[in-house]
Amino acid sequence: RREPSRMASFDLTVHLRSATPPHELDSLFWSVSTPGSPRYLDFYKSAEALAHLFGAAPSSVDAATQWLSSLNGTQIRLSPMRDRLTAKFFSAPAGCFSSRGLPLRPPAGVHLVTRSDAGAGTSGGDPSPRARRRSSGYGVGEQKAAYQIPASLAVPLTASSG
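It should be emphasised that the depicted structure is a prediction, and the values quoted were computed from it without experimental measurement. (Residues numbered from 1 in each chain as written. Predicted model: local features only at pLDDT ≥ 70, side-chain atom pairs only at ≥ 80, totals over all residues. Heavy atoms only, no water.)

**Student:** Residues and numbers for unusual backbone geometry, please.
**Tutor:** Even without being a glycine, N72 presents a positive backbone phi close to 80 degrees. By the element assignment, N72 lies in the loop between α3 (58-70) and β2 (74-78). A positive phi angle is found at R105, which is not glycine, with a value near 55 degrees. (Helix = DSSP H or I, 4+ residues; strand = E, 2+ residues; numbered from the N terminus.)

**Student:** I'd like to hear about the environment of V113, residue by residue, with values.
**Tutor:** Here V113 shows up in strand β4 (residues 110-117). Given the relative accessible area of 16%, V113 is considered buried. With residues near it in sequence (within four places) discarded, V113 still touches L12, T13, V14, W67, L102 and P103. (Buried < 20%, exposed > 50% of the residue type's maximum accessible area, 1.4 Å probe, protein only. Contact = heavy atoms within 4.5 Å.)

**Student:** Hey, could you go over the pairing of strand β3 (residues 84-89) for me, with residue numbers and the actual values?
**Tutor:** Sheet analysis places strand β1 (residues 10-16) next to β3, joined by six bridges and oriented antiparallel. Following the sheet pairing, T13 is matched in β3 by T86. Pairing of β2 with β3, which is carried by three bridges, proceeds in the antiparallel orientation. Paired with T74 across the two strands is K88, which belongs to β3. In sequence, β2 turns back onto β3 through a hairpin of five residues, with R82 there showing a positive phi of about 60 degrees. (Pairing = 2+ DSSP bridges.)

**Student:** Give me the lowdown on the pattern of salt bridges, citing residues and values where you can.
**Tutor:** A complete count under the given rule lists four salt bridges for this structure. For D42, the salt bridge identified is with R39, shortest N-O distance 3.4 Å. The class of R39 is partly exposed, set by a relative accessible area of 29%. (Salt bridge = Lys/Arg side-chain N within 4 Å of Asp/Glu carboxyl O.)

**Student:** Please set out the sheet that holds β4 residue by residue, giving values where relevant.
**Tutor:** Spatially, the four strands line up as an open sheet ordered β2-β3-β1-β4, and their pairing is antiparallel. A strand with exactly one partner marks an edge of an open sheet, and here the two such strands are β2 and β4. Strand after strand, the sheet turns through a mean of 15 degrees between neighbouring axes, direction not considered. Contacting β1, β2, β3 and β4, α3 runs over the sheet at an angle of about 160 degrees to β1. (Axes fitted to C-alpha atoms, helices over the stretch in contact; angles between N-to-C directions.)

**Student:** Any details on the packing of aromatic side chains? Residues and values, ideally.
**Tutor:** Counted under the stated rule, the structure contains four aromatic pairs. Measuring from centroid to centroid gives 6.0 Å for F10 and F97, while their planes differ by 80 degrees, and the two rings are edge-to-face. Separated by 87 residues along the polypeptide, F10 in strand β1 and F97 in the loop between β3 and β4 bring together distant segments of the chain. Judged by relative accessible area, F97 falls into the buried class, the value being 10%. With centroids separated by 6.3 Å and ring planes inclined at 80 degrees, the aromatic side chains of F89 and F97 adopt a geometry described as edge-to-face. This pair shows no difference in class: F89 is buried, exactly as F97 is. Among the aromatic residues, those joined into a cluster by ring pairs are F10, F89 and F97. A cation sits over an aromatic face here: R115 above F10, 3.6 Å from the ring centre. (Phe/Tyr/Trp six-rings, centres within 6.5 Å; stacked < 30°, edge-to-face > 60°. Lys NZ or Arg CZ within 6 Å of the ring centre and 35° of its normal.)

**Student:** Explain the confidence of the model for the chain residue by residue, including any values.
**Tutor:** The predicted model of the chain has a mean per-residue pLDDT of 80, with 77% of residues at 70 or higher. Overall, residues 1-6 carries pLDDT values under 50, and its contacts beyond four positions in sequence, including any with other chains, amount to eight contacts. Low pLDDT, under 50, characterises residues 122-126; the stretch is placed with eight contacts to residues that sit more than four places away or in other chains. (pLDDT = per-residue confidence, 0-100.)

Written out as structure tokens, the structure reads:
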């Protein structure tokens, strides 16, 4: 197994916590979805309004951006909804990543960190979605194995009578 600092390029996506407390989001949901409520069907109309509602606090965005930079992240991008940051990595400082290749000790305000390795999920250089699905580990065979279903079990396809 190669050390994370010697691996090919990869992306990290940092999922940030919303600045709006969960109980307020829950209350808003019910107020806009309950018939008879004064706010019924009164949804936010602009991306900016939604970003303000669901996005992270500016201090969380700043802390996560600085953290990604400190790990040698480049090309750091904030999603339009201000809920995710994505950074590209070509190297990683030793001691900052787990044996699974994920960074240790994310800052407050970070909900989840996911990783995408360059070239992972493609088959023979074919970047199509179908090729990614075939090699992603979510094919029929992999699902049968995960649920301990015999690989030989199949449902016969029959023409439907309409």
